[in-house]
Amino acid sequence: MSRKLKIAIVDDEPDMRESISQWLVLSGFETETFASAEDALKVIGSDWPGVVVSDIRMPGMDGMAFLKRLMALDSSLPVIMITGHGDVPMAVEAMRVGAMDFMEKPFNPDRMTALAKKATQARRMTLDNRALRRDLSEGQQVMSKLIGASPVMERLREDILDLGQADGHVLIDGETGTGKTLVAHALHAVGPRASKKFVPVSCAAYNDEALTARLFGPLEDGLPALEEARAGTLCLEDVEALSEPLQARLLAFISEQGTPAETRIIAISNARGEGRKAEDSLRPDLFYRLSALKITLPPLRARGEDILALFTRMTEQFSEEYGCEPPQVSAQEAAQLLQAPWPGNIRQLINVAERAVLQNRRGSGSIASLLMADGEDNQQATTTEGKPLKEYVESFEKMLIDNTMRRHKGSIASVMEELCLPRRTLNEKMAKYGLQRGDYL
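Residues numbered from 1 in each chain as written. Predicted model: local features only at pLDDT ≥ 70, side-chain atom pairs only at ≥ 80, totals over all residues. Heavy atoms only, no water.

Asker: Can you explain helix H7 (residues 180–189)? Please cite residues and give values.
Answerer: Buried residues dominate H7, accounting for seven of its 10 residues. Considered for burial, the residues of H7 that qualify are Lys180, Val183, Ala184, Ala186, Leu187, His188 and Ala189. (Buried < 20%, exposed > 50% of the residue type's maximum accessible area, 1.4 Å probe, protein only. Helix = DSSP H or I, 4+ residues; strand = E, 2+ residues; numbered from the N terminus.)

Asker: Residues and numbers for the packing of aromatic side chains, please.
Answerer: One pass over the structure, following the stated rule, counts two aromatic pairs. Here Phe287 and Tyr288 contribute two aromatic rings whose centre-to-centre distance is 5.2 Å and whose plane-to-plane angle is 70 degrees, an arrangement assigned as edge-to-face. Phe287 sits in the buried class, given a relative accessible area of 7%. On the basis of relative accessible area, Tyr288 is assigned to the exposed category, the value being 60%. Residues Phe318 and Tyr322 carry aromatic rings whose centres are separated by 6.5 Å and whose planes lie at 25 degrees to one another, so their mutual orientation is stacked. Here Phe318 pairs with Tyr322, and both are found in helix H13 (residues 306–322), just four residues apart, close to one helical turn. (Phe/Tyr/Trp six-rings, centres within 6.5 Å; stacked < 30°, edge-to-face > 60°.)

Asker: Can you lay out the packing of helix H3 (residues 63–73) against helix H4 (residues 88–97) for me, pointing to particular residues and giving the numbers?
Answerer: One can describe the packing of H3 onto H4 by two numbers: an axis separation of 10 Å at closest approach and a directional angle of 10 degrees. Taken together, H3 and H4 sit at an angle that is classed as roughly parallel. The residues of H4 that touch H3, namely those facing Met64, Leu67, Lys68 and Met71, are Met90, Glu93, Ala94 and Val97. Residue composition of the contact of H3 with H4, grouped by class: six nonpolar, no polar and two charged. (Axes fitted to C-alpha atoms, helices over the stretch in contact; angles between N-to-C directions. Parallel < 35°, antiparallel > 145°, perpendicular 65-115°, else oblique. Contact = heavy atoms within 4.5 Å. Nonpolar A, V, L, I, M, F, W, Y, C, P; charged D, E, K, R; others polar.)

Asker: Requested: an account of empty space enclosed by the protein, with residues and values cited.
Answerer: Following the criterion strictly, the structure yields one cavity of 30 Å³ or more and no others. In this structure, the largest cavity spans a volume of roughly 50 Å³. Residue lining of the largest cavity: Gly164, Ala166, Leu187, His188, Gly191, Pro192, Arg193, Thr233, Arg264 and Ile266, and that is the complete set. Every element with two or more residues in the lining of the largest cavity is listed here: H7 and strand S9 (264–268). Among the residues forming the lining of the largest cavity, the class breakdown is four nonpolar, four polar and two charged. (1 Å grid on protein atoms, 1.4 Å probe; cavity = no way out; pocket = protein on both sides within 12 Å on 5 of 7 lines; lining within 4 Å. Points joined across faces, edges and corners; volume = space filled by probe spheres on them.)

Everything listed here is a matter of coordinates, which is why it stays silent on function.
Have a look at this one:
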């Protein structure tokens, strides 16, 4: 934890508060004083960035009641109790309740310093561990949104975990709608900067003057993006929209940072799907700085049965949102989904899934009609990769068993009855497709 921890001193005697505070400040600590437990509780919460030193005998809420309130807020908060000569048994009881230690009046300055050092070290470790768990949890949540078991998605997740730990700037490209912004968030969330800010800026959303102010300032309100993202991550979406003068200023900023960079830049290019590349739009020296590390996202049509898994997940979410049953996908419709070229990629699939749920609620329409409505000729809706019929059949079979298991919440008997499958056959197919009953309970 980079910031300095505080020591909250709670005592109704002004002289004692000042005496403890002065000594701790001289010993290199930062203090904050309170005349009562009630005042302290207005400030101290579960993630209080420091420790507490409190007298036991105080008017109003006494030290024991205060300690119990603090332990209810955060049982890991180090609390040092101050006692009079006759209060040692009470101090021992306070340690049983959760206090870290106690010291008697008049306090020994060296013991006070030693206890304060021990308490702040313990608190720093607790808060650092909590921050790490939060960062890991956020990273796992973002990574869980990268749905798919295809080889290209497995590689993508591995690349994100590897590059997330690196210091270099990153260029992300790929066709429109492939999830580039989500990948940028994932790179930040799994790396050492996860506790710092992630600041996205769409370079195509501003004119040149406004973008200059947004990136470098001055702004009437708030910090410019480069300052706001300091020590964190600046995400430049549509980086190819940067003008020549702005490219020059950004290059100067990157050069001034040195190596390793204090602020990491993740640049997102949307030029690939339009027959151009990022290097066609950026000056070479800036391009090579930004593309020190690079990720190219796979198009949806190259992800095989991920298409069915994504479509199933999206229709389930929209069905829950609209309060209706998800549409049942036939074998023919599954083949159509797998063969569609998906020029809009995941974004297009999400739109089709929502419309499929809405038309299913009305009891009309088909998935084929939705694909054709998106400007695709269903007779020619084949991917450039092409696949044997066996692969399409297996993909549909896996999707059908998966959907049925979800609907029946893992009830093997219900799935056997609906699909007219004997137990052994169902078990063999679930093993073949990596489906586990426990995932549906």
